[in-house]
Amino acid sequence: MAVSAQLLREELQIFGLEGEDALIDKLAELCLLYGQNEEGMVGELIAFCTSTRKDGLTSEILNSFEHEFLSKRMSKARPSASSKDSGHAGARDIVSIQELIEVEEEEETLLNSYTTPSKGSQKRAITTPETPLTKRSVSARSPHQLLSPSSFSPSATPSQKYSSRSNRGEVVTSFGSTQGVSWSGRGGAGNISLRVLGYPEPLTGSYKSMFQKLSDIREVLTCKIEELGSELKEHYKIEAFTPVLVPAQEPVTLLGQIGCDSNGKLNHKSVILEGDREHSSGAQIPVDLSELKEYSLFPGQVVVMEGINTTGRKLVATRLYEGVPLPFHQPSEEEGESEQIMVLVACGPYTTSDSITFEPLLDLIAVINHDRPDVCILFGPFLDAKHEQVESCLLTSPFEDVFKQCLRTIIEGTRSSGSLLVFVPSLRDAHREPVYPQPPFSCPELPREDRKRVQFVSEPCTLSVNGMIFGLTSTDLLFHMGAEEISSSSGSSDRFSRILKHILTQRSYYPLYPPQEDVAIDYERFYAYAQLPVTPDVFIAPSELRYFVKHVLGCVCVNPGRLTKGQVGGTFGRLYVRRPPAGPGRRSPCAAAQVVRI
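Residues numbered from 1 in each chain as written. Predicted model: local features only at pLDDT ≥ 70, side-chain atom pairs only at ≥ 80, totals over all residues. Heavy atoms only, no water.

Draft legend 1. Looking closely at the overall build of the chain. If you tally the helices and strands in the chain, you get 16 helices and 24 strands. In the chain, which comprises 598 residues, the proportion classed as buried is 50%. Here the contacts in the chain between residues at least 6 apart in sequence split such that 74% fall between residues at least 24 apart. Surface accessibility of the chain: about 28800 Å² in total, with carbon and sulfur atoms responsible for 51%. (Helix = DSSP H or I, 4+ residues; strand = E, 2+ residues; numbered from the N terminus. Buried < 20%, exposed > 50% of the residue type's maximum accessible area, 1.4 Å probe, protein only. Contact = heavy atoms within 4.5 Å. Areas by Shrake-Rupley, 256 points an atom, 1.4 Å probe, with all protein chains shown as cover.)

Here you go:
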C-alpha cells in the first residue's frame, strides 16, 4: 500500500496543523505499519489529540498516539486472529528448548546413577579425571540463556521493527569535552564509594500507605511554604510579609503557594496565591500577572511576590522573587579518591511495546560488558505496567517472577564486567504498589558474590559517588511539570531549563501540587524522603520528552531518555565524572556526557 506524504500534509492542513518532514514521514510509516489510509490515520490522530487535550503535532504526541492508541487497538484484534493458530501455542524458542535438553540430561544422569552397570553402562557417560562431568553452572551462561521469555509469555516473538534499526550506537547529544574520549571504565576496579544521603535519613524499607488525613497533607504543604519563605526572606533581606487579604495603597510583599482557581489547567487568568498560615491563615487571593514581563509558574510553587493590593481582593504583581537553591555538598577525604570514573545511566521500559523478549535489555548488558563502566544506574520500570501484554493479562507468570528473572539476568549477565549496579524503582513497575516515594527493591536471594557490587535505592534518591552527589528520580517530573507550567519571557526561554531550575530552587524531587492523577503521594513520607538535602552535582531525570544534557545553576542535568520508545529503540546516557580538588571557586565534576542510541 503506497502512502502519499503530500496527501497526509493536506489532511493535516484541514485541521490547521503543520508538521515537519520528519513527522510526516513518521505518520506515513504508521500508515504502512497499521494498514491505514491517509484520511483515516489523520482522523484518528485528531480524535486522539482532542480526547487527550494535546495541542500541535510533535514527535512526543506521535509516540503517545502509537503507544496508547494504535498498539492497543492492534492487541485487541490479535486474539481473534491468533485463535486459528492455537495448535502452535506450545511452540518454544531455542532458549527454552536448550533448557529442556539440559534438564532432561540431568534427569537421565540421575536415573542412570541408580541403575546396575549392565543396564546403564550403554547410556552412562564415561568420566575420567581428565574429562570430568561438569555440573550445570548458571553464572557461566550468557544473558540470552538466563532470560527465557517463553517461560512467562505465550507470544514471545522478537520485535521486527527494533531488530531492523540502523542507528544503533549513534550519539544524539553531547556535553563537555567529548573529543577523543574512549568511553570505557575499569569495571569498578577502582576505589569507589557509594552512599545514600537522606533528609534526615534515606528510605530503606517498605511502609504502610493508602491512609492519610487531609490535615496531614495540609501540614506538610504549610511546612514547605514556611521553610522556603524563611530562606527567601533571609536571602533578599525582606523585612516582613503582609497578609494576602489586607488592603494597602503601597506595594506589599506576600508569601504563598501558586494555585489554580478551578479544576482546569493553570493559565495566566486563573492564578491564585494561597497565603501561608502564619501571616495569612491560608487565605487565597487572585493574581494579575499583566505587569510582570517575565515569569514561570506552576501549581504548588512556593513564591514571594511584590505588588499592589488596593482592595484586598486582587494582587497586581509587579515583582516575582527568584528561588534560591541549596548549597552544594562539601565532600570529605573519606568519600573516595579524586579519580575519573565512568557512569552509565539507563531507564526502562527495557522491552518494546510489541514484544516481551527484552531484546533492548540484552543489548544494554552487551554494552555494559564491552565498556565496563564503573557504575551503572538503572531506573525502572523493569516490567512496565503500561506494556500491552501486562495490561491485557497475557503473561503466564506472576509479575514478581518476571521481574526477578530480569533482575537475575542483569546481575549475572554483567558479572564479568565488574560494574557496580544501582537499581532505582519506578511507579510503573508492575509488581510494586504505585505509591510515591518508593522503597528500594527487596532481593534477599541475591548471591553473596554480588552483594558488594549491587545496591538497591529508593525512588527518589540522593546518591554520593566518591563524594559527587547524584540526584536520581524515575518519575517523569519533566513531563508532569511541563504540562502544568505557564511562562512569559521577553527573550528566548528554554522550557527544560526553567523546569529544572524550579526543581532545584523548590528543593524537592516533586514540587508539583496537586500531583498528576497517576501519581499517588504519601505526604508524610514525601516530606521525609523526597526533599533535596543538597543541590546535586548531577541530576538524572529520565523522561518521555526529548533527551538532553544541560548545565543549570551549577548542576549538570541529564535526561537519558528511555531505552525503548514504543516499538523502536531508545537511548541511554554515559558520563565521565571526577571530584574536583578542594579550593576556592567551584568546578563541575562532570567532564563529559553523551546520550547514545541503543
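Draft legend 2. Structural context of the environment of A385. Counting through the fold element by element, A385 comes out in the loop between β10 (375–379) and α12 (388–391). As a C-alpha pair, A385 and H431 span 46 residues in sequence and 8.2 Å in three-dimensional space. Those residues within four positions of A385 in sequence are excluded, and the remaining contacts are V390, E391, R428 and A430.

Draft legend 3. Quick peek at the sheet that holds strand β24 (residues 590–597). An order of β1-β24-β23-β9-β10-β11-β13 is seen for the seven strands of this open sheet, with the pairing classed as mixed. Only two strands of the sheet have a single partner each, and these edge strands are β1 (171–176) and β13 (454–456). The average undirected angle you get between the axes of adjacent strands in this sheet is 15 degrees. Pairing of β10 with strand β11 (residues 420–424) involves five bridges; the strand directions are parallel. Looking across to β11, one finds that F379 is bridged to V424. Strands in contact with helix α11 (residues 359–371) are β9 (341–347), β10 and β23 (571–577); relative to β9, the strand with the most contacts, it is inclined by about 180 degrees. Sheet strands in contact with helix α13 (residues 399–413) are β10, β11 and β13, and its direction is about 160 degrees off that of β11. (Pairing = 2+ DSSP bridges. Axes fitted to C-alpha atoms, helices over the stretch in contact; angles between N-to-C directions.)

Draft legend 4. Structural detail: the nonpolar core. Ranked by internal contacts, the top residues of the largest apolar core, which has 38 residues, are Y350, F358, L364 and F423. For this core, the element with the highest residue contribution is α13, accounting for six residues. Judged by nonpolar contacts, the second largest core, of 31 residues, contains F298, L478, V519 and L545. (Core = buried A, V, L, I, M, F, W, Y, C linked by side-chain atoms within 4.5 Å.)

Draft legend 5. Inspection of the environment of D288 at higher detail. One can find D288 in strand β5 (residues 284–288). Judged by its relative accessible area of 24%, D288 is partly exposed. Those residues in contact with D288 that sit more than four places away from it in its chain are K314, L315, V316 and A317.

Draft legend 6. Geometry of the environment of V287. Note on placement: V287 falls in strand β5. When the C-alpha positions of V287 and I258 are compared, they lie 9.4 Å apart, and in sequence the two are 29 residues distant. Excluding its chain neighbours within four sequence positions, the residues that come into contact with V287 are H268, V271, I272, L273, M305, L315 and A317.

Draft legend 7. Seen up close, the pattern of salt bridges. Under the definition given, this model contains 23 salt bridges. Note that E339 and R186 form a salt bridge whose closest N and O atoms lie 3.3 Å from each other. Of the two residues, E339 is situated in the loop between β8 (315–320) and β9 and R186 in the loop between β1 and β2 (194–197); the sequence distance between them amounts to 153 residues. Note on E339: relative accessible area 13%, which makes it buried. With a shortest N-O distance of 3.9 Å, E544 and K565 are connected by a salt bridge. Here the residue E544 occupies a position in the loop between β18 (538–540) and β19 (548–552), and K565 occupies one in strand β21 (residues 564–565), the gap between them amounting to 21 residues. Here the salt bridges do not stand alone but share partners, grouping D384, R428, E544, R562 and K565 into one network. (Salt bridge = Lys/Arg side-chain N within 4 Å of Asp/Glu carboxyl O.)

Draft legend 8. Region of interest: the sheet that holds β19. The six strands lie next to each other as β2-β14-β15-β18-β20-β19, forming an open sheet whose pairing is mixed. Edge positions in the sheet fall to β2 and β19, since each has one partner strand and no second. Strand-to-strand twist in this sheet, taken as the mean axis angle between neighbours without regard to direction, amounts to 25 degrees. Sheet analysis places β2 next to strand β14 (residues 461–465), joined by four bridges and oriented antiparallel. Residue pairing across strands places R195 opposite S464, the latter belonging to β14. Running at roughly 55 degrees to β19, helix α15 (residues 495–506) makes contact with β18, β19 and β20 (555–559) of the sheet.

Draft legend 9. Here's a closer look at the packing of helix α2 (residues 21–34) against helix α3 (residues 38–52). Running from N to C, α2 and α3 point in directions that differ by 110 degrees, and their axes come no closer than 10 Å. Accordingly, the angle class assigned to the pair α2 and α3 is roughly perpendicular. Remark: the crossing between α2 and α3 carries right-handed chirality. Along the contact surface, α2 presents L27, L30 and C31, while α3 presents E38, M41, V42 and L45. Taken together, the residues of the contact of α2 with α3 break down into six nonpolar, no polar and one charged. (Parallel < 35°, antiparallel > 145°, perpendicular 65-115°, else oblique. Left-handed = near helix turned anticlockwise from the far one by under 90°. Nonpolar A, V, L, I, M, F, W, Y, C, P; charged D, E, K, R; others polar.)

Draft legend 10. Examining unusual backbone geometry more closely. Between G348 and the following residue, P349, the backbone shows a cis peptide bond with an omega angle of 10 degrees. Cis geometry is adopted by the peptide bond preceding P437, which originates at Y436 and carries an omega value of 0 degrees. In this structure, P437 sits in the loop between β12 (435–436) and β13. Phi is positive for F358, which is not a glycine, with a value near 60 degrees. In this structure, F358 sits in the loop between β9 and α11. Positive phi, normally seen in glycine, also occurs at C393, with a value near 55 degrees.

Function cannot be read off these values alone, since they describe shape.
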